[in-house]
Structure formats: structure tokens, C-alpha cells
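# Secondary and tertiary structure notes
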Amino acid sequence: MPQDIRPQNAHSPFQGFQKPNEIITPNQFFDVVLPNHSTQVIRVVSFLIRETLGYTNDDGDPFQERFQFSLQQIAKGANVAPSAVKKALDEAVEARFLNCVQAAVPASPGRPSASAVYELRWHDYSEGTYVVDPRKFRGFFAAEGNRTSIPEEFFSHVIPNHPKSLIRFVGAVIRNTLGIKASHGRGRVKRAKLSYGYLERYLNLTSHTLSAAIRKALAANYIIRVEEGVFDPHRPENCRQAIYAVKWCHSPTPEAPLSTGEAGHTKNYSETTPKTTAAFHTKNYSPNKRFLNRNHSKQQVPAVKIQDSNDIEEAFRLLREIGFLERDARALAQRHSLKDIRQQIDWLKDRQPVNPLAMLRSALEGSWQAPVRSTASPLANAFAQGFYAGRWGHAQPASNPSLQDLRASEALVSKLTDIHGPCDTEDATRWGRGFGSQFGKSYPKLIPSLAYAGRVLADDLLKHHQRRAEGERIRLKRAGPPPPTPREPRDRQGWLDYVAQQEKRLREESPTAFFAFEQKRKAQRKHIDRSDLRPLLVNRMLEIFDRRETRLADLQKAFPNEIDDLETWHRRTQRARAPLLSNHSSQS
């Protein structure tokens, strides 16, 4: 075990990964750790993988499975700030990536200090089970298989020195090439067809973040783009996925034939990947430097020559109307085409930026693609709008939440529905309004942000709702069962039968309006089914939505002039029933 455990930092541009120097790594590191956790957690887990699996005997077993490092040593080796390393280790233990065999012991009179001892956590899953769900993860796959020989530079060079988005993208290409066996033979896939949508979902990244990560990975010589992708919304048959490959040191672009596998993976037939032995595990550490010299990875965006002076003036006018200074507007109008400027301005409202001018400038310089449309549920949108209404004391929600707000709102609403059960948009708005009011009381001088409030006050919010739900259950238990109300269920059932009769009439007399009602309900159901909520909650919402009672209630709301509501129907039937009752009593 070398004494210097610092990550490798090359001063010269990266030339490519070296094949002989590889580490046999669990595939769950790519499928569970990379897409779901912070940069600090990724770095400390990769550091333990490198120190554990990077040194093996002739049988492939690690020389040592437990390591005793001080927090300063782990921070130095994983390139994590000393103030953040303890939190990262605790998160890794909580996520069941590591085991803390012995906690750190501070020095005391008569007893020296002792460093913490950590080890990778392994788990024997049932036969045929490969877990990628973080909630079901119990440790790395301990049985044979589900491991891949990964270049050691990925752990010592890429992970310690780059942001999470680039690490995830390079890891995705490695996972979909080296991590996939060829359909025939013993080789590994050399190239992978990876669509933009698949990478966004697999890596849990936004469109512009993924685009920047791809550019940086290509410029840094970690990845090769063998073939450009094509997206043509008007002619889907012309669309094709981009093809990526790992950049090997002193090796040409792979030219092996392709055959598409599952989930966008592309399989080709290559020679066998060299097996890892103890002799191959060498680590060449260089003097410590916190970050790589990334000048070689910066791409110059070529200026677009606009020949027509009228286009320049029109672009200049649009930029001035947005709010740019004359000097900045003139420079942007000369570097970018009128078409691009108009397109990015149109997309700006969908991005919902905090600083529109800064985002528009970045979008133009980076040639950003169309913004990702929000897939947030109506409950999440109602919660987010209620948050800002509650913070400012508005009577009616009127804000337009950002994508970050909707993501935070989706997570909070999902947990609140676990506590209270299925809810509607009025409940979500009320919850959000209370959360915004609490944020204003706790942080009166801060600019309101639901994403920030979710990080600092989410635990307090959930505890408050748990206490309230528990108190409601206790009150209901003490109150005993509610008194019987035989009339209301009977009256409601009669009203539902009345609405069902009106449904048949409307289907025949107003087929166009009835068809529009059915199409609207189909769209609502499709939106619920495709929401990002947890499957259990989605199933509950669909079950309620598909009930006969719900459909008939929606029908009455859609045709209020044609169908009486429950109260109106009840009064009308009571008036019609009164003469019959009086006649019966007189005859008696």
C-alpha cells in the first residue's frame, strides 16, 4: 500500500485511458452511486474502491478490505474539502455503500486518538437479482458477475478532478461499452449508441447540463464521438442516435460493426478485454494539485457571420428590448444570427430564469437546445404556487414556479401524501401556503426560493405534518365512530344514478361536447400515469380517477347547466316527493 494516496493529476493534456491498468469494479457503482448521489459521496466511495480493489492477489482477491485513514487522508486522496468529508462518509454509510467498522476516537488523557476504519459493503442478493433502485440497495453485488474491468485513470484522474455531470457522462459511456458483453464471443462492446433522452434519464441531468458535460468530456479526451446524432422532428426516419466510445491511449477510433441491444446499448464484437492481475495495478501519483489545468478543454465558439445589416439591427433591437446594454447587445447581435436570438428569447420563458439576461447570454454562447418541459404533476405545481403566495401573503397564487422549484415540490408533495393519503390541488395549495408562511417567519430577509426552503426546512415541515396527522388520528379514536347517516349515502347513490341517466342523454344529444369531455379525461389520466411520482402514489391516484363516482362528478362539473349538482337534485326530488307523502297521509 503506497503511503501517498493523493489522486493522479497530470499537468499535460490527457491522452486516453490505458488498458492494462484496470480495476474490477461492481457495476452498481455506475448504476446506483453515480446517478443518485453528490460529488463528495461519489469521490469517497470511488477512493475506497480504488484502494480496496486496485490491489489484488493472483486469485483476484483484495490484499486488504479494511482501511484505516484519517479524515485528512481521505480528503486528500478523494479530493474532497476537509469540512465536507465527514458528511460524505456518513451519507455513504447511510446509503449502504460503506461500513464504518470503527468510528474515529479523539485523543483524551491517557488514550491516544484513533482514525476511523471503513470498508466497502457487500450483500448476497437472491439468485438472479440485480438491484439498481437506491431504496432497495443493501450493498454491492457480492456473488460472481456484475463487475467490469474499469481503467484506473477513471478513479484517479476523472472522478477527483471534475464535476458530477462530467463524471456521470464518462461513467455512462464506460458502463454501456466496457460494462456490456458482446452478443457473441468473449469481448466487450467498443461503441455505444446513446440517445439524448436516455442519457438525461439515466444520469438524472438537465438538457443544458448534459450538453456541457458532453462537450467537456470530448474536449478532455475521455470520450470519442464516433458518429454525430441527428434529430429531425419533421422526419423521424432521419433521426439517429449519437455513437460514443472510450478514448484509449494511442488507439484509433473503433471501427467494429454494431448491433443494437436493450435500453439504447449498442453491441459490437471485439477481442477479449485484458484481465486484471496484481501486476497490472500500478499507481503513478504526481505532486498534489487540487484541479487539473483545464485550458485544453475549453472550446472556442465560432462567431456567426451575419451578412445582412438589417438582421443585425433587428437582433440588436430585440436584445435591447430584453434589457441588454447597448454595447453588449451590439456584440451579441454581431456574433449570433437573428434566428438563434429569436429562438433563445422564445425559449427563455420556458426556462423561467432568475436572471434572464445572464441565462440568455449563456444560451446564445453555448448554443443551448430547447428547454426540458416540466413533467411535474398538478399537485406539485399547486404546492409551489401556494408556497410563494404564502410567503408574500397573496390571496390567490399567481407565481410561475421554476423547474428547480417543481422538482423540490414534487419530492415534498410525495412525502406529504404518504403522511396524509391521496389529496387534491386544494390540499397541496394549502400545504404550500403554510410552508411559505413558515419560511418567511424563519428567514424574513432572504429572497424566497422553494428549492432552498426544501433543503433547510423540509424536515421541520414533515415533522409538523406527522404530528398533525397523528393528533388527528388520536382525536378520531377518542371521538368514537361517527353517528350513522343513512340518508346521505342513499341520496348520493340516487344522484349518481340520475347523472348516469343524463350521461346517456348527453351522449346522444350533444356528441361533440361529450367527446371533448372524454378526451379531456383521457389527457388527465395520461398526465397522472406519466407523472414522476412514486408508483404506489400513481396507482392510488389512478384508482380514484377511474371510479364511477369520480367520472360522474367530473361530468356534472363539465355540464353544470345540463346536470344538477347533489344539493339542487336533492331539493328538487324532495319537492316532488312532498305531494305524494301528503296524499298518502290523507288517505290513511
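For the structure itself, consult the block above.
Report follows, based on the coordinates. Values in this document were obtained by computation on a predicted structure and should not be read as measured data. (Residues numbered from 1 in each chain as written. Predicted model: local features only at pLDDT ≥ 70, side-chain atom pairs only at ≥ 80, totals over all residues. Heavy atoms only, no water.)

### Some details on the overall build of the chain
- Scanning the chain from N- to C-terminus turns up 21 helices and 12 strands.
- Expressed as a percentage of the 588 residues in the chain, the buried residues total 42%.
- Counting every atom, the chain has about 33,100 Å² of accessible surface; 51% of that belongs to carbon and sulfur. (Helix = DSSP H or I, 4+ residues; strand = E, 2+ residues; numbered from the N terminus. Buried < 20%, exposed > 50% of the residue type's maximum accessible area, 1.4 Å probe, protein only. Areas by Shrake-Rupley, 256 points an atom, 1.4 Å probe, with all protein chains shown as cover.)

### Re the pattern of salt bridges
- Counting across every chain of the model gives 23 salt bridges.
- The partner of E549 in a salt bridge is R492, and the shortest N-O contact between them spans 2.8 Å. With a gap of 57 residues between them, E549 in helix α20 (residues 548-558) and R492 in helix α17 (residues 487-509) connect regions that are remote in the sequence.
- Through salt bridges that share partners, E314, R317, E321 and R342 make up one connected network. (Salt bridge = Lys/Arg side-chain N within 4 Å of Asp/Glu carboxyl O.)

### Let's talk about the sheet that holds strand β8 (residues 191-194)
- Strand order in the open sheet formed by three strands is β8-β10-β9, and the pairing between neighbours is antiparallel. Strands at the two margins of the open sheet, each flanked by one partner only, are β8 and β9 (223-227). Between one strand axis and the next, the sheet turns by 35 degrees as a mean value, whatever way the strands run.
- Set on the sheet, helix α8 (residues 207-219) makes contact with β9 and β10 (242-246); between it and β9 the angle comes to about 105 degrees. (Pairing = 2+ DSSP bridges. Axes fitted to C-alpha atoms, helices over the stretch in contact; angles between N-to-C directions. Contact = heavy atoms within 4.5 Å.)

### Details of a nonpolar patch on the surface
- On the surface, L446, Y452 and V456 cluster together into a nonpolar patch covering about 210 Å² of accessible area.
- Residue position: Y452 is located in helix α16 (residues 450-479). (Patch = residues over 30% accessible without salt bridge, like charges linked within 9 Å, V, L, I, M, F, W, Y side chains within 5 Å.)

### A short note on the environment of F559
- As for its placement among the helices and strands, F559 is situated in the loop between α20 and α21 (566-587).
- Take F559: its relative accessible area is 11%, and that puts it in the buried class.
- C-alpha of F559 to C-alpha of Q502: the two residues are 57 residues apart in sequence and 10.0 Å apart in space.

### Regarding the nonpolar core
- Formed by 68 residues in total, the largest nonpolar core has its most connected members in F29, V44, F97, F154 and F169.
- Looking at this core, the element that brings in the most residues is helix α2 (residues 39-53), giving eight residues.
- Filtering out sequence-adjacent residues up to four positions away, F97 remains in contact with V32, V33, H37, V41, V45, A92, E119, L120, R121, F137 and F140.
- Counting 31 residues, the second-largest nonpolar core is a separate cluster that includes A380, I419, C423 and L450. (Core = buried A, V, L, I, M, F, W, Y, C linked by side-chain atoms within 4.5 Å.)

### Regarding unusual backbone geometry
- A positive phi angle, close to 70 degrees, is found at R96, a residue other than glycine.
- Here R96 is to be found in the loop between α4 (82-94) and β3 (98-102).
- Positive phi, close to 70 degrees, is recorded for N221, a residue that is not glycine.
- Residue position: N221 is located in the loop between α8 and β9.
- Note on N221: relative accessible area 27%, which makes it partly exposed.

### Considerations on the environment of G77
- Considering the arrangement of structural elements, one finds G77 in helix α3 (residues 71-78).
- C-alpha of G77 to C-alpha of L48: the two residues are 29 residues apart in sequence and 9.7 Å apart in space.

### Brief notes about the environment of H157
- Take H157: it is sitting in helix α5 (residues 152-158).
- Given the relative accessible area of 2%, H157 is considered buried.
- At a separation of 3.4 Å, a polar atom in the side chain of H157 contacts the side chain of Y222. (Polar contact = N/O pair within 3.5 Å; in protein donor to acceptor, adjacent residues only side chain to side chain.)

### Thoughts on α4
- The first and last C-alpha atoms of α4 sit 19 Å apart over 13 residues, in line with the 18 Å expected at 1.5 Å per residue.
- Burial in α4 covers these residues: V85, A88, L89 and A92. The buried residues of α4 occupy one face: seen down the axis, they fall within an arc of 100 degrees. Turned more than 90 degrees away from the buried face of α4 sit S83, K87 and E94, all of them exposed.
- Of the surrounding elements, those touching the buried residues of α4 are α2, α3, β3 and β4 (116-120). (Expected span 1.5 Å × (residues − 1). Arc of directions from axis to C-beta.)

### Thoughts on the packing of aromatic side chains
- As enumerated under the stated definition, the model contains 23 aromatic pairs in all.
- Between Y125 and F141 the ring centres are 6.1 Å apart and the planes differ by 10 degrees, which places this aromatic pair in the stacked class. Within this pair, whereas Y125 is found in the loop between β5 (122-123) and β6 (140-141), its partner F141 is found in strand β6, the two being separated by 16 residues in sequence.
- With a relative accessible area of 14%, Y125 lands in the buried category.
- When its relative accessible area of 9% is taken as the criterion, F141 is described as buried. (Phe/Tyr/Trp six-rings, centres within 6.5 Å; stacked < 30°, edge-to-face > 60°.)

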